Every structure is written in structure tokens, then in C-alpha cells.
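Residue strings, one per chain:
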Amino acid sequence: MAQGTNNSIFRNAGRLTGSALKRELSKSGIWLVCLTILTLVGPIELKGLYNTLDSLRSFITVMQIPAMVAMLGPVFLNEKTVSYAAMGTNEMLLLSLLLVAIMNIFYVVRQTRKEEEQGNLEIVRSLPVGRLANLGSTLIGAVVINALISIVTTVALALLHTMDASFTFAGAVNYGMAFFVTGLVFAAIAAIVAQIASTSRGANTIGLIVVAVFYVIRIFGDFAVTVVSPSGATIASSSLKFMSYISPLGLGVQGQPFIKNMIWPYVVLLLAAIVFAVIAFALAQRRDLDAGLIPERQGSEHAPAYLRSNFGLIWRLMKNQLIGWAIVMVAVGATYGSILGVIGNFIKSSTFFSGLFKPVDGYPVEMVFIALLMVVFALVACVPSMLIVLKMHSEEFNAHLDWILTTPVKRLRVIADYLIYALITSVVMVAIASVALWLTALVVTNGPGMHNLWLYIKMIAIYLPAIWAMIGFTAMLVGGAPRNTLSAWSYLGVGFYATYLGRVFLSNNKHWKWVIKISPFGWIPEYPINPLHVWPFVILTAIGIVLMVYGVYAFLQRDLEIG
Amino acid sequence: MTVIETHDLVKAFGKLKALDGLDLNVEAGQVFGFIGPNGAGKTTTIRTLLGVYKATSGTATVFGQDAWKDAVSIHEQVAYVPGDVNLWPTMSGGEVIDFFLRLRDGSGAAYAAAQARREELLKNFELDPTKKCRSYSKGNRQKVALVAALASDTDLYIFDEPTSGLDPLMEKVFQNYVAEIKAAGKTIFLSSHILSEVERLCDTVGIIRKGKLVEHGTLEELRQRWEVKGEALPSLEEVFMKQYGDEIHSDEGDEENELHKSIFAQYMPKKKAGDR
């Protein structure tokens with residue numbers, strides 16, 4: 001066909017894919033690294049924790065705790081099929097697929113609606129490019145990115161063969177395929193959502209809700225098959241089992257890598273992805289550029305009464321996000337709380353674990369177990385506070401701050417508002433988490449000392465000075481180094497791995513023990529296992545204050561920047 | 001009374017001097033037109049006057065107060081419309097307007113008066129305040145900023161290219177409001193490169209070039225200064241072009257002039273055009 005007469009709706013999709021992938025490289029690269037680390041961490045951590053297969057077997061019972069199944073998915077292992085590869089991947093696959101799903105939602109919305117919103121696509125569309133070319137190129141890009149991720153994880157797992165023989169090539173390939181097909185299904189779902197939602201933000205929200213719903217749906221199915229006899233036969237089964245299969249996340253783990261290495265779930269998922277993509281293309285034909293199939297909601301004509309100061313503005317901008325984080329804190333608190341109910345009996349029944357966890361100073365063994373996990377609480381509670389401080393940065397770079405500061409509002413007032421918000425949020429999040437933990441413990445436990453609210457508050461609240469130090473670090477960047485604010489997340493991430501994994505592997509290593517203390521979280525003792533001292537709290541709080549004062553001072557001295 | 005005054009004002013970003021010894025003087029009740037091409041330093045001047053940028057050297061005062069140190073008390077009497085209006089995508093236009101009116105006027109009688117003007121302005125500018133800011137066009141975003149600024153009763157109004165996204169009808173509405181403010185004896189600082197608009201609205205004009213004020217005076221003074229004997233008085237556009245035309249013919253051999261000369265040379269007949 002001559003070029004001038006090529007009127008295909010997909011025209012030039014190939015070329016667009018190239019340019020889209022180039023733009024994607026930095027963003028998807030980060031996801032790729034994170035997913036690979038997550039894939040490897042599980043098996044390697046297991047190998048470090050349990051040096052015999054016997055001790056590994058005892059862990060199967062832990063994985064079968066309902067709260068664990070709800071979080072990590074069904075347990076396909078039994079006493080016979082247990083291996084480091086099988087357990088490590090069984091433990092990590094569902095969470096990894098969850099991340100793959102979220103990544104694909106963000107990727108597709110970014111390449112479609114976000115590009116339209118920024119007006120980039122308008123120019124592209126004026127060129128000889130077909131109407132569906134952008135959606136087509138986005139989905140081709142999704143195939144490339146998901147294939148890349150699945151190949152990298154496959155190779156990474158196959159290389160673990162040198163650590164343990166159970167990491168077979170067939171299993172690694174099966175694991176990688178789960179990433180590939182699940183990713184494609186969610187890319188296609190996101191493509192549908194992108195046609196329906198009225199804005200890119202709305203598309204992201206609806207997409208994440210779909211992911212969350214699929215994650216919850218499979219819990220009901222997974223509960224139905226959790227109890228497995230040593231011979232591998234399912235003991236309990238119920239009519240809800242199908243719910244594991246109607247959720248792509250539930251179906252994605254059914255290939256059972258390193259155990260049965262089945263292909264059929266992946267074939268079903270691939271077919272589903274194709275069907276969803278066809279639906280997305282059909283819907284895309286029916287809508288205008290930068291408009292969804294559902295119309296945009298109207299805003300209010302007047303500002304709410306609280307929107308009368310910078311402080312009120314922060315609440316207006318962060319309200320939904322903060323409520324979301326409060327719900328996350330309740331969920332985390334309730335999940336850990338529900339583990340408290342079963343973990344005691346489990347530890348007592350296993351000689352291996354009762355050696356590992358012993359009651360300390362009259363505190364029940366459940367308390368000791370949960371004290372080790374408190375750093376995760378603190379980390380999650382730290383994120384919303386950092387988001388608030390970084391919000392000031394995005395307000396500055398979007399030139400909003402510029403405008404506000406031309407009204408009678410002091411600079412000091414602006415930055416102080418954000419910091420006060422962050423500090424209040426840290427306390428509120430910690431309080432919500434401890435109350436949620438306590439309430440769940442009231443329901444599921446009856447041991448001595450397990451109903452003491454004050455103890456739960458103390459266990460989590462001791463991390464507050466570490467959170468304040470992180471707020472200080474973020475404030476220092478926002479005030480003094482506004483072009484390098486991403487370092488705040490890098491530091492949080494690196495510090496978390498250093499502290500969390502460091503405590504597992506390095507706490508008895510004289511030469512590398514210091515790594516744990518890279519992050520402020522590493523300075524907080526695991527109460528009540530370790531006694532509390534005053535000085536780490538005083539020093540961390542002081543560091544937090546000094547960094548905040550520096551951030552404020554630097555901000556008051558400099559020009560506002562615009563991104 | 002002098003409202004805006006800068007003396008030998010320098011603002012440097014690294015090596016680049018965006019303002020290079022700017023001397024500016026705006027008297028109370030003037031409608032001051034601030035013109036110059038892109039990159040001449042118009043927005044930098046406004047940002048320095050508003051205390052968003054800190055001057056590298058020299059002085060900048062508004063109402064006799066220091067633009068950086070006394071920013072907050074100055075801002076009680078300033079309404080500003082930025083050149084690039086960035087709004088919060090999830091808030092409605094009405095919310096943004098209310099927010100700015102409250103920041104400036106609090107919640108008493110001044111706020112009630114501003115609310116009354118808000119309704120009138122919304123009607124005249126034909127702006128729907130219930131739409132989310134992300135779905136406004138450039139012109140509508142500018143209208144939100146204009147309503148927020150014009151509804152407040154202040155002594156000084158600073159507009160940075162306020163009509164670049166407005167249609168001719170809305171431009172007319174804006175011009176009517178400027179005339180109204182002027183009649184009330186308020187001061188207006190209008191940065192623009194739409195010369196016809198400046199000619200129509202402003203009584204005093206300043207031309208900025210490479211961070212220096214190169215022309216300053218009433219419209220009449222400027223036109224007479226560039227008058228050629230035996231020809232009609234030049235328009236503002238002709239004054240502006242002559243001011244920049246001299247740059248092309250000047251003997252200073254810096255890079256930018258060389259570029260201008262080469263552009264100019266394209267339109268000159270080549271001497272040996274027929275040679276091979």
C-alpha cells in the first residue's frame with residue numbers, strides 16, 4: 001500500500017513504541033530492580049534462617065496461618081515437596097505479582113491518559129498516526145517490559161542453582177512466566193480503565209481499586225485449600241475455591257513453580273489478556289482525546305470553611321491520601337494482631353521455634369515475636385509524614401508556592417505548616433497502628449499481658465524519634481537541596497533493607513554489624529526483647545530538630561525554584 | 001508618592017545576570033507598561049519585587065518597604081496575576097478564588113465585599129467556578145487568576161502577561177476593569193509584549209533590554225524622543241523596533257549581535273550571487 005493512502009487506525013504504532021520505551025526506561029528500570037531483589041530476598045533469607053530442610057518443614061505451618069495465607073497466598077508445599085526454591089517462591093510470588101500488577105497499571109495510564117493530559121499526544125495525533133496507534137504501542141511496550149522482567153527474574157532464580165540444587169531451570173522459567181502473563185492481564189485491564197475514567201488520576205485510582213479487589217477476592221478461594229495433608233491431598237475444600245481462579249492474582253500463583261510447574265493457568269491468563277485488550281481497543285474507538293467515557297465530576301462552587309490558610313490548604317490537598325494511609329495502618333495493625341492469636345501455639349509446638357523465641361522478662365513469646373516486626377510498622381508510618389514534607393517541594397516546583405507567597409503569608413509559616421503537619425501525622429499514624437493492633441489482640445488472644453494497650457503503644461511509639469529524624473532529613477533536602485529530594489526515598493529504602501535484613505543476617509557479625517545502624521530505625525532497640533535506653537531517643541530527636549531547623553533556615557534564604 | 005522603586009538592581013543566576021542594574025520608578029496612580037522581548041528580565045523583575053527572588057545587589061522597594069524583608073506587609077496591598085497560571089488540578093476554580101481572597105482579606109467585611117465582586121467578575125468573564133482546575137484551558141486558568149486578583153481591593157495590581165490566553169472579547173472585559181481600577185486611583189504594573197494593549201492602557205512605559213531599563217517615560221515622551229523630522233510620530237511598536245533595531249546595527253561585536261546581523265544579512269542581496 002502506498003504511504004499516502006495508509007489510513008490504518010494503527011498506523012505508526014511501531015515507531016511510537018520505540019519512543020515510549022525510551023521514556024519508560026528509567027521508570028520501569030526501578031521496578032525491574034525492585035522486583036528482582038524481592039524475588040531473590042525470599043529464598044536467600046530462608047537459606048540464611050533455616051539451614052536444614054527439617055527446620056524448613058516446620059515453617060510450612062506458619063505459612064498456613066490464615067493471616068499469612070490472606071497476605072501471601074495459598075500454600076502448595078507439603079512435607080515431601082518442600083525445598084528452598086519451592087518455599088521461597090511460594091512465599092514471594094503473590095506479593096511480586098501484586099507489584100507487577102500495580103506497575104502495569106501505572107505504566108499504561110502514564111502512556112495513555114497522562115500523555116493526553118499533558119498535551120503531548122495532541123501533537124502526535126496531528127501527524128500521520130492512527131487513532132489506536134498510541135494504545136497499540138503502549139500494549140506492545142507492555143509486552144516488551146513484562147517479557148524483560150520475566151527474563152531477568154528467570155535468570156536470577158536460575159543462577160541461585162549454585163546456592164541450592166532445588167532452583168531448577170524449569171521452575172525458574174515457570175516463575176518468570178507467571179510475571180509475564182499476569183503483567184499482561186493487568187496492562188490490558190488498565191487499557192480498559194484508561195478509556196473509562198475521566199482523568200489520568202481517576203484511571204490510576206480505579207486501576208488500583210481493581211487490583212485490590214482481585215487481591216481480596218482470591219483470599220476467599222485460598223482459605224478453602226489451605227489445609228493440606230502430608231501426602232499432598234487437599235483436606236478441606238469448599239465451594240468458594242473458584243474465587244482463587246477468577247482473580248488474575250489468584251490464578252497467577254496456580255502454576256506452582258518449583259513444585260508442579262504447570263502451564264495451563266498461564267494459558268488462561270494470556271487468553272484473558274487478549275480479550276481485555278480487544279475490549280480496550282473497541283472502547284478507545286468511541287472516545288475523544290483526553291476524555292473518558294464517564295464524565296468528570298463537578299467541583300464545588302465555593303471553598304470549604306477550613307480552606308482559609310496554608311494549613312487548611314495542606315489538608316485540602318492531602319486529605320484523601322492521609323485517610324488512605326490511616327486505613328493502611330489499620331490493615332497492617334489488624335494483620336499483625338491476627339498473627340498474635342496463633343503464633344503462640346505454633347511456637348510452643350515447634351522445638352525449632354521455641355528455641356528461637358523465648359519469653360523475655362515475663363513477656364509472653366507472642367510479644368517477643370511481634371517486637372521483631374515493629375520496624376515494619378514504623379517504616380509504613382514514616383511514609384505519609386515524608387509525603388507531606390515532599391508535598392511542599394512539589395508545590396514549589398509547580399509554582400503554587402510562588403503564588404501563595406505573593407499574598408500576606410510568611411515563608412516561615414509555609415514551611416513550618418508542612419513540618420508541623422508531618423510531625424502530627426507521625427504521631428497519629430503510630431497511634432492508629434497501636435490501637436488497631438491492641439483491638440485485634442483483644443479479640444484473638446487471651447494470654448497474660450496481651451491486652452495491655454500501653455505496651456503496644458510503647459512498642460511502636462519508641463520508633464517516633466527515628467521517624468522524626470527521617471522528617472528532618474527530608475526537610476533538609478526540601479529546604480536546602482530542592483533538586484535532590486528523591487534521595488529521601490532512596491535513604492528510606494536502603495536504610496530499611498540495612499536494618500531489616502541486617503538484623504536477620506548481620507546482628508552476630510562483628511565486622512558488619514554497623515550496617516544495621518545506617519538508618520535511624522536501626523538505633524531503636526527491639527523492645528521488650530532489648531531494654532530501652534534514653535540516649536538513642538535523645539540523639540535521634542536532636543538530629544531531627546537540627547535537620548529541620550537547617551531546612552527551614554535554608555528555605556528562608558533562597559529563591560523559589562520552578563521545575 | 002513612589003510605589004515601586006529599584007536602584008541598580010542586579011539578579012544573577014550563576015553567571016547569567018537576568019537583571020543587570022535595573023533602575024525603575026513607578027508613581028502612585030500610574031498604569032505602568034513594562035515591555036521587552038522574552039528573556040529580557042520582565043518576570044525576574046516581578047519575582048524580585050514580590051520577594052520570591054532575593055536580589056543579588058541593589059535595592060528594590062514597594063510602598064517604600066524592602067521587597068525581600070518586608071514581603072508580607074507589602075503583600076497585604078498587592079494583587080498579582082502570574083504569567084503561567086498553575087492551579088491545583090483537584091480543586092475547583094471557585095475554591096481557588098475563595099482561598100486567595102481569604103488569604104488576602106481574612107473573613108471580615110473586606111472578604112464579604114470581595115465575594116460580591118467575585119460574583120460580578122465570574123459573570124463578566126463567563127467563567128464556570130465549579131469545574132476542576134485540571135480541565136480548564138489556558139485562558140480559563142488565566143481568568144481564575146484574574147478574578148482572584150480583581151476581586152480584592154488593593155493599592156497595587158501586578159499583571160504578568162495577563163491576556164495572552166484570552167479571546168478578544170475577554171481582553172476587552174479585562175481592559176474595562178483596568179480602566180476602572182485606574183479611575184479609582186490605584187497603581188497598575190502591567191508586563192506585556194502585546195504592544196497595542198500597552199499603548200491603549202498605559203500612561204507610562206518602560207522598555208527592558210538585557211536586564212536594564214533602556215527607555216522610560218510617558219507614551220508621548222517616548223514617541224517624541226524617536227521622532228524623525230518630517231514624519232508622523234512613531235507608534236509604540238515603531239519605538240520598540242527602533243530600540244531593538246539599534247542593537248542590530250550597533251558596533252558591539254558580542255555573539256548575540258553577530259547572530260542578529262546574520263539574520264539581517266539573509267535579507268540582503270548577495271554580491272556574487274551569480275558566480276559558480
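Residues numbered from 1 in each chain as written. Chains lettered and ligands numbered in written order. Predicted model: local features only at pLDDT ≥ 70, side-chain atom pairs only at ≥ 80, totals over all residues. Heavy atoms only, no water.

A few words now on the overall build of chain B. Counting its regular elements, chain B contains 10 helices and 10 strands. Burial status across chain B gives 51% buried among its 276 residues. By sequence separation, contacts in chain B at least 24 residues apart represent 63% of the contacts at least 6 residues apart. (Helix = DSSP H or I, 4+ residues; strand = E, 2+ residues; numbered from the N terminus. Buried < 20%, exposed > 50% of the residue type's maximum accessible area, 1.4 Å probe, protein only. Contact = heavy atoms within 4.5 Å.)

So, about helix α11 (residues 264–284) of chain A. Residues and elements named next belong to chain A. For α11, built from 21 residues, the straight-helix expectation of 30 Å at 1.5 Å per residue is met to within 8% by its first-to-last C-alpha distance of 30 Å. Regarding α11, the residues found buried are Pro265, Tyr266, Leu269, Ala273, Ala277, Ala280, Phe281, Leu283 and Ala284. Relative to the axis of α11, the buried residues are bounded by an arc of 155° and lie together on one face. Of the residues in α11, the exposed ones pointing more than 90 degrees away from the buried face are Leu271, Ile274 and Val278. In this structure, the buried side of α11 is in contact with α6 (133–159), α7 (169–196) and α10 (248–252). (Expected span 1.5 Å × (residues − 1). Arc of directions from axis to C-beta.)

Here we come to the confidence of the model for chain A. Caution applies to low-pLDDT parts of the model: their predicted coordinates are not meant to be read in detail. Residue and element names in this part refer to chain A. Per-chain confidence: chain A averages 85 in pLDDT, with 93% of residues scoring 70 or above. Between the elements of chain A, mean pLDDT differs from a low of 67, seen in helix α13 (residues 351–356), to a high of 96, seen in helix α19 (residues 464–480). Ignoring residues within four places in sequence, the model shows residues 226–237, a span with pLDDT below 50, making 19 contacts including any to other chains. (pLDDT = per-residue confidence, 0-100.)

Residues and elements named next belong to chain B. Residue-level pLDDT values for chain B average 86, and 88% of them are 70 or greater. Below pLDDT 50 for its whole length, residues 249–253 participates in 5 contacts with residues either more than four positions away or in separate chains. Between residues 266–276, whose pLDDT stays under 50, and residues either more than four places distant or in other chains, the model counts 0 contacts. The complex model carries a pTM of 0.79, and its ipTM stands at 0.82.

On to the interface of chain A and chain B, then. At the interface, 39 residues of chain A touch 42 residues of chain B. Buried surface at the junction of chain A and chain B, summed over both partners, amounts to about 3700 Å²; 57% is from carbon and sulfur atoms. Together, Trp403(A), Thr406(A) and Pro408(A) form the three largest contributors to the area buried by chain A at its contact with chain B, with a combined 21%. For the interface between chain A and chain B, the tally reads 4 salt bridges. Across the pair Glu95(B) and Arg316(A) runs a salt bridge whose closest N-O atoms are separated by 2.6 Å. Sorting the residues of the side of chain A that touches chain B by element identifies α12 (310–349), α16 (400–404) and α21 (534–557) of chain A as the ones contributing at least two each. Class assignment of the residues belonging to the side of chain A that touches chain B gives a composition of 15 nonpolar, 12 polar and 12 charged. (Buried area = accessible area lost by both parts, 1.4 Å probe. Salt bridge = Lys/Arg side-chain N within 4 Å of Asp/Glu carboxyl O. Nonpolar A, V, L, I, M, F, W, Y, C, P; charged D, E, K, R; others polar.)

Within a regular beta strand, the side chains point alternately toward one face of the sheet and then the other, so they alternate between its two faces. Residues and elements named next belong to chain B. When you tally the buried positions in strand β9 (residues 204–209), you get 6 out of 6 residues, the bulk of the element. Of the two faces of β9, both are covered, the one formed by Thr204, Gly206 and Ile208 as well as the one formed by Val205, Ile207 and Arg209. Two strands pair when backbone bridges link them, and β9 and strand β10 (residues 212–218) are joined in this way by 6 bridges, in the antiparallel orientation. Counted as the bridge partner of isoleucine 208 is leucine 213 from β10. If you look at the hairpin formed by β9 and β10, you'll find 2 residues sitting between the two strands, and lysine 210 has a positive phi there, around 50°. (Pairing = 2+ DSSP bridges.)

A separate point is the sheet that holds strand β2 (residues 16–27) of chain B. Residues and elements named next belong to chain B. Within the open sheet, the 4 strands sit side by side as β2-β1-β4-β5. Their pairing is antiparallel. Here the strands that pair on one side only, and so sit at the sheet edges, are β2 and β5 (65–66). Two elements, strand β1 (residues 2–13) and strand β4 (residues 57–62), share 5 bridges in a ladder whose sense is antiparallel. In the strand pairing of β4, threonine 6 is matched with alanine 60.

Turning our attention to the nonpolar core. With 244 residues, the main nonpolar core has Leu249(A), Phe521(A), Phe125(B) and Phe189(B) as its most contacted residues. Counting residues per element, this core draws most heavily on helix α4 (residues 84–117) of chain A, at 17 residues. Not counting residues within four places of it along the chain, the set of residues in contact with Phe125(B) comprises Lys143(B), Leu146(B), Val147(B), Leu150(B), Met170(B), Val173(B), Phe174(B) and Tyr177(B). (Core = buried A, V, L, I, M, F, W, Y, C linked by side-chain atoms within 4.5 Å.)

Attention shifts here to the packing of aromatic side chains. Counted by the stated rule, this structure contains 18 aromatic pairs over all chains. Consider the rings of Phe34(B) and Phe189(B), whose centres lie 5.2 Å apart with planes at 50°: the pair is tilted. You can see Phe34(B) sitting in strand β3 (residues 31–35) and its partner Phe189(B) sitting in strand β8 (residues 187–192), a full 155 residues away along the chain. One exposure class covers both Phe34(B) and Phe189(B), and it is buried. Within the aromatic cluster, the residues linked to one another by ring pairs are Trp403(A), Trp88(B), Phe99(B) and Phe100(B). The ring of Tyr215(A) has Arg218(A) sitting right over it, with the charged end atom 4.9 Å from the ring centre. The lysine or arginine in question, Arg411(A), covers the ring of Phe555(A), its NZ or CZ lying 5.6 Å from the ring centre. (Phe/Tyr/Trp six-rings, centres within 6.5 Å; stacked < 30°, edge-to-face > 60°. Lys NZ or Arg CZ within 6 Å of the ring centre and 35° of its normal.)

Let us now look at the environment of Tyr266(A). Residues and elements named next belong to chain A. Tracing the backbone shows tyrosine 266 in helix α11. As for tyrosine 266 and alanine 431, which are separated by 165 residues in sequence, their C-alpha atoms are 43 Å apart. Each residue touching tyrosine 266, except ones within four places of it in the same chain, is listed here: Asn174, Met177, Ala178, Val181, Gly252, Gly255 and Pro257. In terms of polar contacts, tyrosine 266 uses its side chain to reach the side chain of asparagine 174, at 2.8 Å. (Polar contact = N/O pair within 3.5 Å; in protein donor to acceptor, adjacent residues only side chain to side chain.)

Moving on, we come to the pattern of salt bridges. By the definition in use, this model includes 19 salt bridges over all chains. Two residues, Arg558(A) and Glu396(A), come together in a salt bridge whose shortest N-O distance is 2.7 Å. In this pair, Arg558(A) sits in the segment after α21 while Glu396(A) sits in helix α15 (residues 374–397), placing the two residues 162 residues apart along the sequence. Given the relative accessible area of 14%, Arg558(A) is considered buried. Residue Asp20(B) pairs with Lys212(B) through a salt bridge whose shortest N-O separation is 3.4 Å. Placement of the pair is Asp20(B) in strand β2 and Lys212(B) in strand β10, with a sequence separation of 192 residues.

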